[in-house]
Every structure is written in structure tokens, then in C-alpha cells.
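One-letter residues, chain by chain:
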Amino acid sequence: MNAFSLLPLFMVGLAGSVHCIGMCGGIVGALSVGVSTPAPRAVIAIHAQRTVSDSNALRVLAYNGGRIASYMLAGAFAGGLAGAGMLRMASLQVAGYWLANLMLVALGLYLMDAWRGLARLEAAGNLVWRRVRPLLAPLMPMDTPLKALAVGGLWGWVPCGMVYSALLTAMMGGSAVHGAAAMAAFGLGTLPTLLGMGLLGARLRRQLQRRPVRIASGLLVLGFGLLGLLRAAHGVSLGWLDALCVAPHP
């Protein structure tokens, strides 16, 4: 696995981040609200505004750092399981490859609001989230970068069909290192949108939730999934198009 092979997964994260607006938009938008600072004079007010802005940026970066770290941890676990023997049989590898690309197809349709099947999978993930959610209470309000980092680390375990799709691809890496790298690429793909949300708030959210944006993003992810399925169906290399396949072929 090299940096170029991670590019499709980065693109899936980038395109799929319009879904993050709904899942994470509220908590990320809250980071754009500065901590109020008394400023009786104009000069002090300007200085205070800059200080608050810098503080907001640090908290947004910390939150996203924690979130991506949790993705990498999950990817290392998934890839490690596969490397330990879960996907060593050829038949299991092929089945995993098909499933990973079918999940991308499902994600593309989900982003376009054409099919909501992944919502059921997210509902099943609530069993894990119910155990994690109480840990957030002591971290509110997120008024320091350290708290934001911890919240991001916990928020990465929120049930999310898009993350599940990426995790299946990470598992196909066959090792903890490759799994973590795959999820890092995916997480970095989601970063521009969530950074923008944290700094710009509702203004960016309105633009990215527009239907044409969601359809374009969904079509891109759908294309990656269909390309992977085409390769799986033929069982042979597609030449240079292999570089656009998100999951590594078994």
C-alpha cells in the first residue's frame, strides 16, 4: 500500500463528508461559537476577538485530530483482525472485497437520498454508542483544546454508515498498519469540510446540504463502488483503472 493507492479512499472521505454535516455538524458548529470575553475598550475588543478566533481554531483542530485518531485505531483493529487470519482464506478475501464495494454503492445511494439502507446499520451501531455517550458529559462545554481532542476521540465511534464502509476497506489491507493508514486517508478526506464547519458554521452547512452537492458527491462514491464491483466480476486487472479502486483486490 502506497500513498497513491490511498487517494481513492481520501476522495471517498471528501465526497462523503456532506454526510458528516448532518452527523457531526451540530457539535462541530458549536466549536465555532467563541467563549465570551469581556472587552470594555475598542482596542481590547479587537485583541479579544483575535484571541477567541485563535482559540476556536485550536479547538476545531483538536476535535478533528481526536476524531481521525479514533478512525485510525478502528482501522488498525480491523486490519489486525484480518491479518491475524480472519481473511486468509481466498474465498473470504473475495467475499470481503465484494462486500466492501457493495458498501460503497450503498453509501453513494445514501448520500443521494436514493436509498436509506445504511440508516438501519447505523441504528444497530447505537448499541456501542450508548456505552460511549455518557463519557461526553464531563467534557462539556468544549472550552479547551484538550476537551475538544477527547470529544473528537469519542465522537469517532458514533454509528456512521460511511465509516463502516471505510472500515471494510481498511480490513482488506490485511494488517494493522495498512488498516490505520486507510482510515487516516479517509479521515483526512473528511477534514476540509469539518474544518470549514468549525470555522464558518451554518454558512458552509447550508451550501453543502444543497441537493446538487449531495447528488454529485453520491455519484462519485457510487462510481468507486461500481468500478470495484466490475473488477470483482471480471476477476482480472482493469489496467490503469485499478488505481481508482478503493479496496485492494485480494
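Note on numbering: residues in each chain are counted from 1, in written sequence order. Under the rules for a predicted model, residues below a pLDDT of 70 receive no local features and side-chain atom pairs below 80 are neither given nor counted, while totals for whole chains, interfaces and linings still include all residues. As a rule here, side-chain values come from all non-hydrogen atoms in the structure, and water together with hydrogens is ignored.

Draft legend 1. Here's a closer look at helix H4 (residues 117-132). Spanning 16 residues, H4 covers 24 Å between terminal C-alpha atoms, matching the ideal 22 Å at 1.5 Å per step. What the bend at a residue measures is the angle between two axes, fitted to the seven residues ending there and to the seven starting there. A run of H or I in DSSP counts as a helix once it spans at least four residues, and a run of E counts as a strand once it spans at least two, with each numbered from the N terminus. At Asn126, H4 is bent by approximately 40 degrees, the largest bend along its length. Expected helix span is given by 1.5 Å per residue-to-residue step, counting one fewer step than there are residues.

Draft legend 2. Seen up close, the packing of helix H6 (residues 161-171) against helix H7 (residues 176-200). Helix axes use the C-alpha atoms of the stretch in contact, all axes being lines fitted to C-alpha atoms, and the angles between their N-to-C directions lie in the range 0 to 180 degrees. One way to put it is that H6 packs onto H7 with a least axis distance of 8 Å and a crossing angle of 145 degrees. Here H6 and H7 pass one another in a crossing that is right-handed. Facing H6, whose interface residues are Met162, Val163, Ala166, Leu167 and Ala170, H7 presents Gly179, Ala182, Met183, Phe186 and Thr190. Residue polarity is assigned by list, with Asp, Glu, Lys and Arg as charged and Ala, Val, Leu, Ile, Met, Phe, Trp, Tyr, Cys and Pro as nonpolar; anything else, Gly included, falls into the polar class. Each residue belonging to the contact of H6 with H7 can be placed in one class, and the counts come to eight nonpolar, two polar and no charged. For any helix crossing, the convention is left-handed if the near helix is rotated counterclockwise from the far helix by under a right angle, and right-handed if that rotation is clockwise. In what follows, residue pairs with any heavy atoms lying within 4.5 Å of each other are defined as contacts.

Draft legend 3. The nonpolar core, seen in detail. In this description, a nonpolar core means a group of buried Ala, Val, Leu, Ile, Met, Phe, Trp, Tyr and Cys residues linked to one another through side-chain atoms lying within 4.5 Å. Three exposure classes are used, based on accessible area relative to the maximum for each residue type with a 1.4 Å probe and protein chains only: buried under 20%, partly exposed in between, and exposed over 50%. Judged by nonpolar contacts, the single largest core of 31 residues is most densely connected at Leu107, Val163, Met183, Phe186 and Val221. Put simply, the parts of the chain that give this core at least two residues each are helix H1 (7-31), helix H2 (42-86), helix H3 (90-111), H6, H7 and helix H9 (211-234). Broken down by element, this core gets its largest block of residues, seven residues, from H3. The contacts of Leu107, once residues within four sequence positions are left out, are Val12, Leu118, Met162, Ser165 and Val221.

Draft legend 4. The arrangement of the packing of aromatic side chains in detail. Stacked, edge-to-face and tilted labels apply to pairs of Phe, Tyr and Trp rings (six-membered ring for Trp) whose centres lie within 6.5 Å, assigned for plane angles under 30 degrees, over 60, and everything in between, in that order. The full count for this structure, using the stated rule, is one aromatic pair. Both rings, one in Tyr71 and one in Phe186, keep their centres 5.7 Å apart while their planes meet at 50 degrees; by these two values the pair is tilted. Of this pair, Tyr71 sits in helix H2 while Phe186 sits in helix H7, placing them 115 residues apart in sequence. Under the relative-accessibility criterion, Tyr71 is labelled buried at 6%.

Draft legend 5. Structural context of the environment of Ser55. Mapped onto the elements, Ser55 comes out in helix H2. Counting along the chain gives 90 residues from Ser55 to Pro145, while the straight-line C-alpha distance between them is 7.9 Å.

Draft legend 6. Examining the pattern of salt bridges more closely. In what follows, salt bridge is the name for a side-chain nitrogen of Lys or Arg lying within 4 Å of a carboxyl oxygen of Asp or Glu. Tallied over the full model, the rule gives three salt bridges. Close ionic contact of Arg214 with Asp113 constitutes a salt bridge, the shortest N to O distance being 3.9 Å. Residue Arg214 is located in helix H9, and its partner Asp113 is located in the loop between H3 and H4; the two are separated by 101 residues in the primary sequence. On the basis of relative accessibility, which here comes to 12%, the residue Arg214 falls in the buried class. For Lys147, the salt bridge goes to Asp143, with nearest N and O atoms at 3.3 Å. Several salt bridges converge on common partners, so that one network encompasses Asp113, Arg116 and Arg214.

Draft legend 7. Quick look at unusual backbone geometry. Here the residue pair Met140 and Pro141 is connected by a cis peptide bond, since its omega of -5 degrees sits within 30 degrees of zero. Inspection of the secondary structure assignment puts Pro141 in the loop between H4 and helix H5 (145-155). With a phi close to 60 degrees, Asp113 is a non-glycine residue in the positive phi region.

Treat this as a map of the structure, not an account of what it does.
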